[in-house]
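What follows is each chain in one-letter form.
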Amino acid sequence: MPSTIQHRKSPVFIVKPTTQKVQQGATALFVTKIGGYSTSNITWLFNEKPLTAKEGAQMQFNTATGEAKLSIGNVDLKQHAGLITCRIENPHSYQEETVQLVVVAAPIIITQLPKEQETMIGRDVILTVVVQGSPPPSAQWFFKDDPIEPGNVSVDETKLEYKLLIKQATVAQSEGVYRVMLKNEVGEVQSTPCALTVLEPVKLTRVIPASDVIDLEEGKEFNIVVDVSGKETPEVQLQKDGKAVQFTRIPNIPVNARWTQNGVTVAGGYEHGNATNQLYWPYSFFVDDNQTMVIADCYNHRIIQWKRGETNGQVVAGGHGCGNRLSQLNRPTDVLIDKETDSFIICDRGNRRVLRCSRRHGTTQGEILLDNIFCRGLAIDDQRYLYISDINKHEVRRYQMGAKNGIVVAGGHDAGTSLNQLNQPTYIFVDRQQIVYISDWKNHRVMKWNKDAAEGTVVAGGQGQGNALTQLSCPQGLFVDILGTVYVADSSNHRVMRWPEGSKEGTVIVGGNGRGERADQLKEPMGLFFDRHGHLYVVDSFNQRVQRFSIE
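Here is a short report on the structure shown in this document. Here the structure is a predicted model, which is why all the values come from computation and not from measurement.

Rules and cut-offs
Residues numbered from 1 in each chain as written. Predicted model: local features only at pLDDT ≥ 70, side-chain atom pairs only at ≥ 80, totals over all residues. Heavy atoms only, no water. Helix = DSSP H or I, 4+ residues; strand = E, 2+ residues; numbered from the N terminus. Rg over C-alpha atoms; globule rule 2.2 N^0.38 Å. Areas by Shrake-Rupley, 256 points an atom, 1.4 Å probe, with all protein chains shown as cover. Lys, Arg positive; Asp, Glu negative; His and termini not counted. Charge placed at Lys NZ, Arg CZ, Asp CG, Glu CD. Pairing = 2+ DSSP bridges. Axes fitted to C-alpha atoms, helices over the stretch in contact; angles between N-to-C directions. Core = buried A, V, L, I, M, F, W, Y, C linked by side-chain atoms within 4.5 Å. Buried < 20%, exposed > 50% of the residue type's maximum accessible area, 1.4 Å probe, protein only. Contact = heavy atoms within 4.5 Å. Polar contact = N/O pair within 3.5 Å; in protein donor to acceptor, adjacent residues only side chain to side chain. Salt bridge = Lys/Arg side-chain N within 4 Å of Asp/Glu carboxyl O. Phe/Tyr/Trp six-rings, centres within 6.5 Å; stacked < 30°, edge-to-face > 60°. Lys NZ or Arg CZ within 6 Å of the ring centre and 35° of its normal. 1 Å grid on protein atoms, 1.4 Å probe; cavity = no way out; pocket = protein on both sides within 12 Å on 5 of 7 lines; lining within 4 Å. Points joined across faces, edges and corners; volume = space filled by probe spheres on them. Nonpolar A, V, L, I, M, F, W, Y, C, P; charged D, E, K, R; others polar.

Examining the overall build of the chain
Right, on to step 1. Helix and strand counts for the chain come out as two helices and 45 strands.
Right, on to step 2. Its C-alpha radius of gyration of 33 Å places the chain more than 25% over the 24 Å reference for a compact globule of 552 residues.
Right, on to step 3. Surface accessibility of the chain: about 27500 Å² in total, with carbon and sulfur atoms responsible for 46%.
Right, on to step 4. Here the chain carries 58 positive and 60 negative side-chain charges, and the mean point of each set is 5 Å from the other.

A closer look at the sheet that holds strand S44 (residues 536–540)
Right, on to step 1. Read across the sheet, four strands follow the order S22-S45-S44-S43 without closing on themselves; strand pairing throughout is antiparallel. Single-partner strands in this sheet number two, and they are strand S22 (264–268) and strand S43 (525–530). On average, adjacent strands in this sheet sit at an angle of 25 degrees to one another, irrespective of strand direction.
Right, on to step 2. Bridge count between S43 and S44: four bridges; the pairing is antiparallel. Among the inter-strand pairings, Phe529 is bridged to a residue of S44, identified as Tyr537.

A closer look at the nonpolar core
Right, on to step 1. Counting 46 residues, the largest nonpolar core has Trp259, Phe285, Met293, Ile295, Leu536 and Val546 as its most contacted members.
Right, on to step 2. Here Phe285 is in contact with Met293, Val294, Ile295, Val335, Gly527, Leu528, Phe529, Tyr537, Val538, Val539 and Val546, once residues within four sequence places are set aside.
Right, on to step 3. The next biggest cluster of nonpolar side chains, apart from the first, holds 21 residues, and it includes Ala28, Ala57, Ala68 and Val75.

Re the environment of Arg353
Right, on to step 1. Along the chain, Arg353 falls in strand S29 (residues 353–358).
Right, on to step 2. Judged by its relative accessible area of 5%, Arg353 is buried.
Right, on to step 3. Taking the C-alpha atoms as reference, Arg353 lies 17 Å from Tyr385; in sequence the two are 32 residues apart.
Right, on to step 4. Of note is the side chain of Arg353, whose polar atom sits 3.0 Å from the backbone oxygen of Asn324.

Let's talk about the pairing of strand S33 (residues 395–400)
Right, on to step 1. Two strands pair when backbone bridges link them, and strand S32 (residues 385–390) and S33 are joined in this way by six bridges, in the antiparallel orientation. Bridge pairing in S33 links Ile388 to Arg397.
Right, on to step 2. Adjacent in sequence and paired antiparallel, S32 and S33 are bridged by four residues, among which His394 carries a positive phi angle near 55 degrees.
Right, on to step 3. Bridge analysis of S33 against strand S34 (residues 407–411) gives four bridges, and the strand direction is antiparallel. Residue pairing in the sheet places Glu395 in a bridge with Gly411 of S34.
Right, on to step 4. Between the end of S33 and the start of S34, which pair antiparallel, lie six residues, with Gly402 showing a positive phi angle near 95 degrees.

Digging into the pairing of strand S36 (residues 436–440)
Sheet faces and side chains relate simply in a regular strand, where the side chains alternate between the two faces.
Right, on to step 1. Most of S36 sits out of view: five of its five residues are buried.
Right, on to step 2. Going residue by residue along S36, you find Val436, Ile438 and Asp440 tucked away on one face and Tyr437 and Ser439 tucked away on the opposite face as well.
Right, on to step 3. Of the strand pairs in this sheet, strand S35 (residues 425–430) and S36 are connected by four bridges, and their pairing is antiparallel. Each bridged residue has a counterpart across the sheet, and for Val430 the counterpart in S36 is Val436.
Right, on to step 4. Here S35 hands over to S36 after five residues, with Gln434 in that stretch at a positive phi of 60 degrees.
Right, on to step 5. Across five bridges, the pairing between S36 and strand S37 (residues 445–449) is antiparallel. The residue bridging Val436 from the neighbouring strand is Trp449, located in S37.
Right, on to step 6. In this structure, the hairpin formed by S36 and S37 is closed by a connection of four residues, where His444 is found at a positive phi of approximately 55 degrees.

Observations regarding the pattern of salt bridges
Right, on to step 1. All chains considered together, the criterion is met by 24 salt bridges.
Right, on to step 2. For Arg397, the salt bridge is made with Glu395, and the minimal N-O distance between the two is 2.6 Å.
Right, on to step 3. Take Arg397: its relative accessible area is 24%, and that puts it in the partly exposed class.
Right, on to step 4. Since its relative accessible area comes to 5%, Glu395 is described here as buried.
Right, on to step 5. For Glu517, the salt bridge identified is with Lys523, shortest N-O distance 3.5 Å.
Right, on to step 6. Its relative accessible area of 57% is what places Glu517 among the exposed residues.
Right, on to step 7. For Lys523, a relative accessible area of 13% gives the class buried.
Right, on to step 8. If you follow the salt bridges from partner to partner, you end up with Glu116, Glu118, Arg308 and Arg548 in one network.

Topic: the packing of aromatic side chains
Right, on to step 1. Summed over the entire model, instances satisfying the criterion amount to 13 aromatic pairs.
Right, on to step 2. Ring centres of Trp259 and Phe530 lie 5.7 Å apart, and the angle between their planes is 55 degrees; this geometry places the pair in the tilted category. Remark: Phe530 occurs in strand S43 and Trp259 occurs in the loop between strand S21 (243–245) and S22; sequence separation between them is 271 residues. Take Trp259 and Phe530: they sit in the same class, and that class is buried.
Right, on to step 3. Members of the aromatic cluster, each reached through a chain of ring pairs, are Trp259, Phe285, Phe286, Phe429, Phe479, Tyr487, Phe529 and Phe530.
Right, on to step 4. Lying across the ring of Tyr385, Arg398 places its NZ or CZ 5.3 Å from the centre.

Considering empty space enclosed by the protein
Right, on to step 1. Counted under the stated rule, the structure contains three cavities of 30 Å³ or more.
Right, on to step 2. In this structure, the second largest cavity encloses a volume near 100 Å³.
Right, on to step 3. Taken together, Lys115, Glu116, Thr265, Val266, Gln291, Met293, Trp306, Lys307, Arg308, Gly309, Glu310 and Tyr537 form the lining of the second largest cavity.
Right, on to step 4. Split by residue class, the lining of the second largest cavity holds four nonpolar, three polar and five charged.

Function cannot be read off these values alone, since they describe shape.
Have a look at this one:
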């Protein structure tokens, strides 16, 4: 009987695997063909470690044809990009071929720019983003929407850190909004904008009166004028017998001031919800001297405090569901801070009451200052008189703090369009002379009511509902500077307007680009506020966010 002779042969690659370039989320397929006797064992490795089903790997080997396949589904840049090795071996020898799995992915930003950053004048500033993407994206930095030359731009390709160096920052050349666009062959992404503020040292330039001792006549008005320079505008505190005196800080906004047209979201900005980074139809807010915001988060039935630069707020009143217990709120529409008692004063509209809640940590419930009132807006003057708008009685009343009875200072003659009437007044602003400004909501106008006056004067709108520069549509938030210029949230026109004293028409300072969600758009703006630096904050109610527009 003849014998069978078998030739033993080392394994060999007849067709070698090749490098694969695959888009994120697709399937990578490696194919090879081998020969040799006896039959080889095949092992696939990723970065020198055997591949398993945990990595999404599926392996096939046809012993009859010698064809072997490796497929990896839903490839991910972070998990799968690297070296793929095919090792074949039999009792005589082994062979290896190593190729690459290249995963191409659109850039995503892992570490964003801060929304706000401060630096002292003359210092260097470095802005950094960390990116994931393949191939490594190119970067274009922008300052006030103008491209920045690449001289001060650097990138660490191993860490994918992109940096912009701003040398010896100045107010004129460096202050403003920065952003970066990152782009590769697959896609592009834009960073969040970063508002850089350049600070200058504080200088006291003038104090009036200059003498140390002043004789005053009882009952006469006395003014103290303090001129300071510096940026940020410094906090000024007056004291009497060692105790702080409450007074109104009104920024001196230049008549030709302009604001960035793209707002930066400083609170909320997500879909409506009750998480601490969300808002639900916020109405109004108050900004303290540290630029901490206290927001009337209306349909979350709570007051939420948002410290500067933070992404989450802290509930400081309410937040226990809609109700009328002293620990609950029902659609609050306004809030302010009474510094003398270190407390919040809240317009608890749905419960028809005004509450006072301590700011001290651990306080769980408030006390009722006033009830049975259809309150909508609040204000407090330098003498700590409390002003409340009543949308049912179409009036504004002034109360001594803690008193139950107030006096009518505007309206009070039923709803109407006459100069001694209001129609659902909402927001209030009171200046140092106790002049009351009112957003006369259904009359589409802003009214100015001098102290003890029998009727008011129209200082904005009053030409019927519309979107012309002479008109308003459902005005809401209100602010008046020391020049008597009126700033008003023209809510249903989705814009903020400025009306200089005596002007018959206003100008749009932000918004006015249609109802929308872009950074240059608003959707039913409600409250507005200027901090002591002149930066404008707007409660962009239906976008569930607060926007900051930096003064230029």
